[in-house]
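Each chain, written out:
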Amino acid sequence: MESLINDSILERHSVFLSKEYAEEPKSSDQQKVKRKFYLWASAAAAAVLILVSLVLFFIPGPVNYVVYTTGFQETKTVELPDGSSVLMNASSELKWEEGFQDDEDRIVFFSGEGFFDVSHQAGKKFIVKTPDVDVNVLGTKFNLESRSAFTNVFLKEGKVLLQANELEDIAMEPGDLVKYDQKEKTVEKLLDQSEEVSTSWTNGIFTFVDNTGWQILEKMTAIYGKEFIVEDSSGLDEVIVIHGLPYTDWDFTREALELMLQKKLMESISNKIIVGEE
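Calculation notes
- Residues numbered from 1 in each chain as written.
- Predicted model: local features only at pLDDT ≥ 70, side-chain atom pairs only at ≥ 80, totals over all residues.
- Heavy atoms only, no water.
- Helix = DSSP H or I, 4+ residues; strand = E, 2+ residues; numbered from the N terminus.
- Contact = heavy atoms within 4.5 Å.
- Expected span 1.5 Å × (residues − 1).
- Buried < 20%, exposed > 50% of the residue type's maximum accessible area, 1.4 Å probe, protein only.
- Polar contact = N/O pair within 3.5 Å; in protein donor to acceptor, adjacent residues only side chain to side chain.
- Axes fitted to C-alpha atoms, helices over the stretch in contact; angles between N-to-C directions.
- Parallel < 35°, antiparallel > 145°, perpendicular 65-115°, else oblique.
- Nonpolar A, V, L, I, M, F, W, Y, C, P; charged D, E, K, R; others polar.

I keep staring at the environment of Leu190 and nothing clicks. Help me out?
Tracing the backbone shows Leu190 in strand 13 (residues 186-190). In this structure the C-alpha to C-alpha distance between Leu190 and Val178, which are twelve residues apart in sequence, comes to 6.3 Å. Excluding anything up to four places from it in sequence, Leu190 contacts Gly175, Asp176, Leu177 and Lys179.

Where do I start with helix 5 (residues 250-261) in this structure?
What sets the pattern is the α-helix's 3.6 residues per turn: residues three or four places apart point alike. Along its twelve residues, helix 5 runs 16 Å from first to last C-alpha, staying within 8% of the 16 Å computed at 1.5 Å per residue. Of the positions making up helix 5, those classed as buried are Trp250, Thr253, Arg254, Ala256, Leu257, Glu258 and Leu261. If you follow the buried residues of helix 5, they end up packed against strand 14 (205-212), helix 4 (213-224), strand 15 (227-230), strand 16 (239-246), strand 17 (263-267) and strand 18 (272-277). Between a side-chain oxygen at the N-terminus of helix 5 and the backbone nitrogen of Asp251 the separation is 3.0 Å; the capping residue is Asp249. Looking one or two residues past helix 5, Gln262 carries a phi angle of roughly 55°, positive in sign.

Sorry, what's going on with the packing of helix 4 against helix 5 here?
Each packed pair of helices is defined by two parameters, the angle between the axes and the distance between the axes. The geometry of helix 4 relative to helix 5 is characterised by a closest axis approach of 12 Å and an angle of 175° between their N-to-C directions. One element, helix 4, and the other, helix 5, form an angle in the roughly antiparallel class. For the pair helix 4 and helix 5, the contacting residues are Gly213, Ile216, Leu217, Met220 and Tyr224 in the first and Trp250, Thr253, Leu257 and Leu261 in the second. Taken together, the residues of the contact of helix 4 with helix 5 break down into seven nonpolar, two polar and no charged.

Would you mind going over the side chain of Asp134 with me for this structure?
Locating Asp134 in the fold gives a position in strand 7 (residues 134-137). For Asp134, the side chain forms a polar contact with the side chain of Lys129, separated by 3.0 Å. Not counting chain neighbours up to four residues away, the residues in contact with Asp134 comprise Ile127, Val128, Lys129, Leu161, Leu162 and Gln163.

Take a look at the structure:
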């Protein structure tokens, strides 16, 4: 009996202590710590939100381009939104960002060969970017050829400024022809050049006046996609003069080249041409 009474008293005392401990008010220091934690967490969340917003603002989204290309033996005239036009030669690519007309400068990217007729817009440059040279214009007509080993610019009308990382700016006047060797990083500027030499391709014919046999074969590779395997290189270092050679018909062009180069051009497999003795 005495044991049961003691157990009952201990049980009530334990419950009373538990209630008293549970209902004990928190100290002011504990409340301050809790408030400080809430404030720190809120500030951290706000900082993260601001950081994410800044990252999303400064990291540009995907860029969409308008792209035009030409295949072998293909030419194409492209009209740009600003009224400019480009006649593209074979194996060329022209592209610009969507909405480029709304930008401060009109910028296009180009590789291959093309004749540009750029519309003038007051205070708004037109910039053609190639892998090595930038052509800056306001309104003009010029021929641009940018292949793997060189960039040539012939100015027909207006004024342009050529820029490259390794070179001083080059101002051009009508009739100027600038040749930039991408491998040697050298520039040659020729004055009062014939328009026919640089732009005859726009009429469907080749004109070569200061090109070696090697350079002519490189041109044929770009236009026709032919791979030339040279077994006899004699005479290819010499300058070959060719006027009025139509390039719409490869068979006719091949026969004419055989006469001019004094070589035999033999068709092989996979678009390969063997250059051998005549």
